[in-house]
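Descriptive analysis of the structure
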Amino acid sequence: MPRWLPRAMVLALALVAAFQLGSWAFHQLTGLLANALIAFFLALAVEPAVSWMAARGMRRGLATFLVFLAVLIAAAGFVTLLGSMLAGQIVKMVEDFPEYLDSVINWVNSHFHTELRRVDIQEGLLRSDWLRNYVQNSASGVLDVSAQVLGGLFRLLTVALFSFYFAADGPRLRRALCSVLPPARQAEVLRAWEIAVDKTGGYLYSRGLMALISGIAHYVVLQVLEVPYAPALAVWVGLVSQFIPTIGTYLAGALPMLIAFTVDPWYALWVLAFVVIYQQFENYVLQPKLTSKTVDIHPAVAFGSVIAGTALLGAIGALIAIPAVATLQAFLGAYVKRYDVTDDPRVHGRRSRGEGPGAPARTRRLWSRRPVPEPSEAGGAGGDSAS
């Protein structure tokens, strides 16, 4: 046996064991790593405000605390107002549900010549096996829901704690990271950090502003159409439409359309028309103006990044996918050599008038190429026929 073979076998077994141990530890710490990643992006989002306050003489820890306190107060106020409004709207919806059901049944009976009755539908629903199984499963899953709520609160506190330390100790973290890198790499890391701060903060601020504009616009339309629960529906549309790119507006508009349908089916069509028109206005007018200097990425890239983020990290991945891709795109753009684009009309999506023959010229050319009989053949044929 060669002398190096035992050591090679031991080294191979040690590498396999280290890989297995690392894989097991990674799977066990996936939740913690995801929380740290979310906290890092939250710290990047509040970095501009913290740095602005720290540059004016305030201690960085106090500045971070004040920023987080302001965010907490704003979030608590928003959730309180939204919760009270939704609670009132839900109570009213439950009270008015029989009237809505009667209007839908009358519309179905008048258009499809049926004889449905609300009493029969209610009795059939109450006696269905589906409802009985659903109640039993819900009763048995109360403890699971409570555990999930407690786990969500613990995860929220973990993310808040990590993000606070990332924001408060940002300079120290950058110094620790740069201390193990050569000077040239340090400049690149610091530049990437600044790009990430700009893109993440710009994404959140621009999305918040567009959510506010979208909510106000949809609230005005729903209020004009006298659709019930207009405030709650406007908040729903504003949030969902902005934090789910490309198709978020259509997903968010489904609920207002359903509520408008209970009032008048034509109102649902009006809501659909406004959702489509507003989506075009947002894509081609509003969004380019607000995001041209922050997260200017193609809508298809944004949609694909959200799908990839959702597949990797779920709902959290969908939220941080766009700023992460925008940061990567901006960072890599500095290292890609670009050239001047030629003036070829095909680059601009059109063909010049003088380039190539037109359709009539091509038709005449093909017609001129049609085989023509020789004169001798024509004469011979004529002579034969004459004889």
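Please read these numbers as outputs of a predicted model, since none were measured by experiment.

**A few points about the overall build of the protein**
Check the secondary structure of the protein and you find 15 helices and zero strands. In the protein, buried positions account for 25% of the 387 residues. Contacts in the protein between residues far apart in sequence, at least 24 positions, make up 65% of those at least 6 positions apart. Surface summary for the protein: the accessible area is close to 26,400 Å², and the carbon and sulfur share equals 69%.

**What to know about the packing of helix H2 (residues 30-54) against helix H8 (residues 183-224)**
Each pair of packed helices gets described by two things: the angle between the helix axes and the distance between those axes. Here H2 crosses H8 at 85°, and the two axes come no closer than 8 Å. As far as their axial angle goes, H8 and H2 are roughly perpendicular. Here Phe40, Phe41, Leu44, Ala45, Glu47 and Pro48 of H2 come into contact with H8, specifically with Trp193, Ala196, Val197, Thr200, Gly201, Leu204 and Tyr205. Taken together, the residues of the contact of H2 with H8 sort by class into 10 nonpolar, two polar and one charged.

**Comments concerning helix H10 (residues 248-263)**
With 16 residues, H10 extends 24 Å between its outermost C-alpha atoms, agreeing within 8% with the 22 Å of an ideal straight helix rising 1.5 Å per residue. Of all bends in H10, the biggest is about 30°, found at Ala254, and the proline Pro256 comes one to four residues later. Taken residue by residue, H10 has Gly248, Thr249, Ala252, Gly253, Pro256, Ile259, Ala260 and Thr262 as its buried positions.

**Some words on the environment of Phe97**
For Phe97, the location among the structural elements is in helix H3 (residues 60-112). For Phe97, a relative accessible area of 48% gives the class partly exposed. Counting along the chain gives 165 residues from Phe97 to Thr262, while the straight-line C-alpha distance between them is 9.9 Å.

**With respect to the confidence of the model for the protein**
Per-chain confidence: the protein averages 76 in pLDDT, with 74% of residues scoring 70 or above. Here helix H15 (residues 375-386) is the element of the protein with the lowest mean pLDDT, 46, and helix H1 (residues 4-28) is the one with the highest, 90. Counted against residues more than four places away or in other chains, residues 376-387, with its pLDDT under 50, gives zero contacts.

**Things to note about a nonpolar patch on the surface**
A cluster of nonpolar side chains, namely Leu209, Leu212, Ile213, Ile216, Tyr219, Val220 and Val224, defines an oily patch on the protein surface of about 620 Å² accessible area. The residue Ile213 is located in helix H8 in this model. Given the relative accessible area of 30%, Ile213 is considered partly exposed.

**A few points about the environment of Thr262**
With respect to the element layout, Thr262 can be found in helix H10. With 161 residues separating them in the primary sequence, Thr262 and Leu101 have C-alpha atoms 8.0 Å apart. Aside from chain neighbours lying at most four places away, what touches Thr262 is Tyr100, Ser103 and Val104.

**So, the environment of Asn35**
Along the polypeptide, Asn35 turns up in helix H2. On the basis of relative accessible area, Asn35 is assigned to the buried category, the value being 8%. Taking the C-alpha atoms as reference points, Asn35 and Ile316, separated by 281 residues in sequence, lie 9.2 Å from one another. A distance of 2.6 Å separates the side chain of Asn35 from the side chain of Arg155, its partner in a polar contact.

About the criteria used
- Residues numbered from 1 in each chain as written.
- Predicted model: local features only at pLDDT ≥ 70, side-chain atom pairs only at ≥ 80, totals over all residues.
- Heavy atoms only, no water.
- Helix = DSSP H or I, 4+ residues; strand = E, 2+ residues; numbered from the N terminus.
- Buried < 20%, exposed > 50% of the residue type's maximum accessible area, 1.4 Å probe, protein only.
- Contact = heavy atoms within 4.5 Å.
- Areas by Shrake-Rupley, 256 points an atom, 1.4 Å probe, with all protein chains shown as cover.
- Axes fitted to C-alpha atoms, helices over the stretch in contact; angles between N-to-C directions.
- Parallel < 35°, antiparallel > 145°, perpendicular 65-115°, else oblique.
- Nonpolar A, V, L, I, M, F, W, Y, C, P; charged D, E, K, R; others polar.
- Expected span 1.5 Å × (residues − 1).
- Bend = angle between axes of the 7 residues up to and from the residue.
- pLDDT = per-residue confidence, 0-100.
- Patch = residues over 30% accessible without salt bridge, like charges linked within 9 Å, V, L, I, M, F, W, Y side chains within 5 Å.
- Salt bridge = Lys/Arg side-chain N within 4 Å of Asp/Glu carboxyl O.
- Polar contact = N/O pair within 3.5 Å; in protein donor to acceptor, adjacent residues only side chain to side chain.

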